[in-house]
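One letter stands for each residue in the lines below.
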Amino acid sequence: MSKVKTAFFCQSCGVQSPKWMGKCNACGEWNTFVEEVIQREEKGSMASGIRDPRSVVPVKISEVVFSHEARINTHDQELNRVLGGGLVAGSLTLIGGEPGIGKSTLMLQVAMKCADQKILYISGEESDQQIKMRAERLGSRNENCYILTETNTEAIYRHLESLHPGIIVVDSIQTLQTDLIDSSAGSVSQIKECAAGLQKYSKITNTPVFLIGHITKDGSLAGPKILEHMVDTVLQFEGDRNYGYRILRSLKNRFGSTSELGIYEMNDTGLREVSNPSEILLSQRDEQVSGIAIAAMIEGQRPMLIETQALVSSAVYGTPQRSTTGFDVRRLNMLLAVLEKRSGFRLGHKDVFLNIAGGIKVDDPAIDLAVVAAVLSSNQDSPVDSKTCFAAEVGLSGEIRPINRVEQRISEADKLGFERIFISRYNTKGLDFKRYSIKIVTESRIEDVYRKLFT
Ligand code: TYD
Ligand code: MG
């Protein structure tokens with residue numbers, strides 16, 4: 001009888017230890033060690049049956065033949081953009097997101113669109129009936145899309161050998177289970193082993209694999225951090241469930257930039273690609289309301305105009321509240337301190353709430369001036385003209401600072417019919433004012449912007 005071997009694994013970082021420990025030495029988390037049964041067979045572990053046909057020897061980097069890395073078109077422009085121009089053969093992509101955000105919908109939609117590839121959708125979460133129902137709802141047909149409802153990786157590899165799919169989607173990595181390990185599906189060792197097997201498969205056969213992964217309550221990908229290290233690309237699918245928009249963000253990408261965003265809108269027939277984000281990020285309104293200012297932002301390579309909404313009111317309780325959605329609350333506190341100290345606006349005893357429209361999270365500093373304008377407008381209770389927008393950072397001394405790629409922002413605002421844009425006075429180098437029909441206002445102090453807006 002074989003002896004059952006157990007070990008303790010940190011559920012946070014995946015570190016293995018022969019005995020239980022209160023604190024993980026590797027990641028410093030407390031109380032994360034869980035006992036798991038391990039039964040490693042050295043021979044035939046991971047993706048058994050798949051052998052690397054190549055005999056690998058060291059080669060000079062100058063002699064490596066670079067076949068121009070052909071990108072596989074996923075037929076989803078937003079996904080292509082986030083991946084850095086399409087899917088790379090032999091790559092492993094992890095897609096994380098909260099339950100119900102639309103990960104399965106997105107991947108099934110891609111599977112249905114890729115008619116030029118044999119694509120296998122492996123689901124451990126839903127039955128083929130349920131997947132078919134969803135596909136019907138998406139309203140697309142694809143003769144080349146196969147469904148496999150299997151969670152045992154050994155069985156999956158057997159099917160892969162006969163089917164030879166061009167793209168594989170696994171929904172989700174937490175449901176997979178290999179016979180090599182006795183612990184239950186979703187445990188650290190199972191996730192690690194299954195992902196390692198798939199990684200090996202994808203590298204040897206040059207097949208791109210998408211792994212759908214769950215997210216824990218605190219927003220990190222469930223399972224070991226090691227999963228994020230193993231894959232080539234980590235995409236996060238996010239958005240507020242109350243809004244229709246979904247944002248696909250790349251957190252790690254070995255083949256492209258991580259600053260790209262994909263924007264979708266969830267409707268009755270699946271996810272619609274939003275190629276012009278400003279259309280959804282600006283709310284439609286006729287009457288002028290106070291507390292709203294528009295920022296000309298850049299996310300990744302793409303300029304977009306986005307609405308910031310502020311509400312300033314007298315604090316009911318002793319300590320004023322500051323709360324934000326989509327914007328760093330510490331940055332708001334800093335901007336309020338600048339307004340108070342440098343520009344003499346009395347906001348210290350006011351509650352301030354700030355909201356970025358559309359549930360988007362912003363970290364472009366160019367939004368600062370719009371935030372300041374929205375706060376002042378609400379405080380003043382007088383609206384900012386709806387055809388005005390802002391693109392500048394605000395410094396600690398109250399100066400209005402230049403930002404990068406200002407021309408791109410100006411031409412986007414111009415294209416969308418804005419009539420006036422506020423930028424920093426120091427941002428005008430090489431700027432051709434006559435090229436645009438939008439009026440470009442250059443300022444260096446908040447007080448001057450205030451005067452132009454409200455007096
Ligand atoms: P799903 O893809 O199942 O989420 P995940 O796999 O990330 O858990 O998304 C399900 C949600 O999307 C569900 O709340 C219903 C909604 N939905 C639509 O609004 N329209 C659609 O066409 C589809 C297929 C789903
Ligand atoms: Mg799902």
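Residues numbered from 1 in each chain as written. Chains lettered and ligands numbered in written order. Predicted model: local features only at pLDDT ≥ 70, side-chain atom pairs only at ≥ 80, totals over all residues. Heavy atoms only, no water.

A. Broad picture of the packing of aromatic side chains. For the structure on display, the rule yields five aromatic pairs. Relative to Phe 422, the ring of Phe 390 has its centre 5.3 Å away and its plane inclined at 15 degrees; by these criteria the two rings are stacked. Linking Phe 390 in strand β19 (residues 388-391) with Phe 422 in strand β22 (residues 420-424), this pair joins segments that are 32 residues apart in sequence. In this structure an aromatic cluster arises from ring pairing among Phe 345, Tyr 450 and Phe 454. (Phe/Tyr/Trp six-rings, centres within 6.5 Å; stacked < 30°, edge-to-face > 60°. Helix = DSSP H or I, 4+ residues; strand = E, 2+ residues; numbered from the N terminus.)

B. Representation of the environment of Phe 454 in the model. Residue placement: Phe 454 occurs in helix α11 (residues 446-454). By relative accessible area, Phe 454 is classed as buried at 13%. Residues Phe 454 and Gly 84, 370 residues apart in the sequence, show an inter-C-alpha distance of 43 Å. Those residues in contact with Phe 454, other than ones at most four positions away along the chain, are Ala 373, Leu 376, Ser 377, Gln 380, Ser 382, Pro 383 and Val 384. (Buried < 20%, exposed > 50% of the residue type's maximum accessible area, 1.4 Å probe, protein only. Contact = heavy atoms within 4.5 Å.)

C. Inspection of the sheet that holds strand β13 (residues 261-267) at higher detail. Reading across from one edge, β8-β7-β9-β10-β6-β11-β12-β13-β14 is the order of the nine strands in this open sheet, with mixed pairing throughout. Strand pairing shows two members of the sheet lacking a second neighbour, β8 (145-148) and β14 (270-273), which therefore form its edges. Geometrically, the sheet is characterised by an average inter-axis angle of 25 degrees between neighbouring strands, direction not taken into account. Inspection of the sheet shows strand β6 (residues 92-97) paired to strand β11 (residues 233-238) by five bridges, in the parallel sense. (Pairing = 2+ DSSP bridges. Axes fitted to C-alpha atoms, helices over the stretch in contact; angles between N-to-C directions.)

D. Examining the pattern of salt bridges more closely. Considering all chains together, one arrives at 21 salt bridges under this definition. When the shortest N-O distance is used, the salt bridge between Arg 254 and Asp 232 registers 2.7 Å. Taken together, the positions of Arg 254 in the loop between β12 (245-253) and β13 and Asp 232 in the loop between α6 (226-230) and β11 put the pair 22 residues apart, joining distant regions of the chain. With a relative accessible area of 46%, Arg 254 lands in the partly exposed category. In this structure Asp 232 comes out as buried when scored by relative accessible area, which is 3%. Close ionic contact of Glu 447 with Arg 445 constitutes a salt bridge, the shortest N to O distance being 3.9 Å. A single network of salt bridges, built from pairs that share partners, joins Arg 331, Asp 368, Glu 393 and Arg 401. (Salt bridge = Lys/Arg side-chain N within 4 Å of Asp/Glu carboxyl O.)

E. Local environment of the domain arrangement of the chain. Once the domains are mapped, the chain shows domain 1 (1-44), domain 2 (72-273) and domain 3 (280-454). Here the C-alpha centre of domain 2 lies 27 Å away from the C-alpha centre of domain 1. (Domains from an automatic or database assignment.)

F. Region of interest: the site of ligand 1. Neighbouring ligand 1 are 15 residues; Gly 100, Ser 104, Thr 105, Asn 267 and Gly 270 lie closest to it. Contact between ligand 1 and Gly 100: an oxygen atom at 2.7 Å from a main-chain N or O atom of the residue. Lys 103 places a polar main-chain atom, nitrogen or oxygen, 2.8 Å from an oxygen atom of ligand 1. For ligand 1, whose unbound accessible area comes to 570 Å², protein coverage reaches 75%. Secondary structure elements with two or more residues in the shell around ligand 1: α2 (103-113), α3 (128-138) and β13. (Near = heavy atom within 4 Å. Polar contact = N/O pair within 3.5 Å; in protein donor to acceptor, adjacent residues only side chain to side chain. Areas by Shrake-Rupley, 256 points an atom, 1.4 Å probe, with all protein chains shown as cover.)

G. Broad picture of the pairing of β12. For β12, the buried fraction is high: seven of the nine residues fall into the buried class. Alignment of β11 against β12, held across six bridges, turns out to be antiparallel. Opposite Val 234, over in β12, you have Lys 252 as the bridge partner. Note that β12 and β13 share five bridges and pair antiparallel. Across the sheet, Arg 246 pairs through a bridge with Tyr 264, a residue of β13.

H. Spatial organisation of the packing of helix α8 (residues 329-341) against helix α9 (residues 368-380). The N-to-C vectors of α8 and α9 enclose an angle of 65 degrees; their axes lie 11 Å apart at closest approach. Where α8 crosses over α9, the handedness of that crossing is right-handed. Contacts between α8 and α9 involve Arg 331, Leu 332, Leu 335, Leu 336 and Leu 339 from the first element and Asp 368, Val 371, Val 372, Val 375 and Leu 376 from the second. Along the lines of polarity and charge, the residues of the contact of α8 with α9 split into eight nonpolar, no polar and two charged. (Left-handed = near helix turned anticlockwise from the far one by under 90°. Nonpolar A, V, L, I, M, F, W, Y, C, P; charged D, E, K, R; others polar.)

I. Here's a closer look at the side chain of Asp 351. Position of Asp 351 relative to the elements: it lies in strand β18 (residues 350-356). At 2.7 Å, the side chain of Asp 351 forms a polar contact with the backbone nitrogen of Gln 321. If near-sequence neighbours (up to four positions away) are discounted, Asp 351 is found in contact with Leu 311, Val 312, Ser 313, Ser 314, Ala 315, Val 316, Pro 320 and Gln 321.

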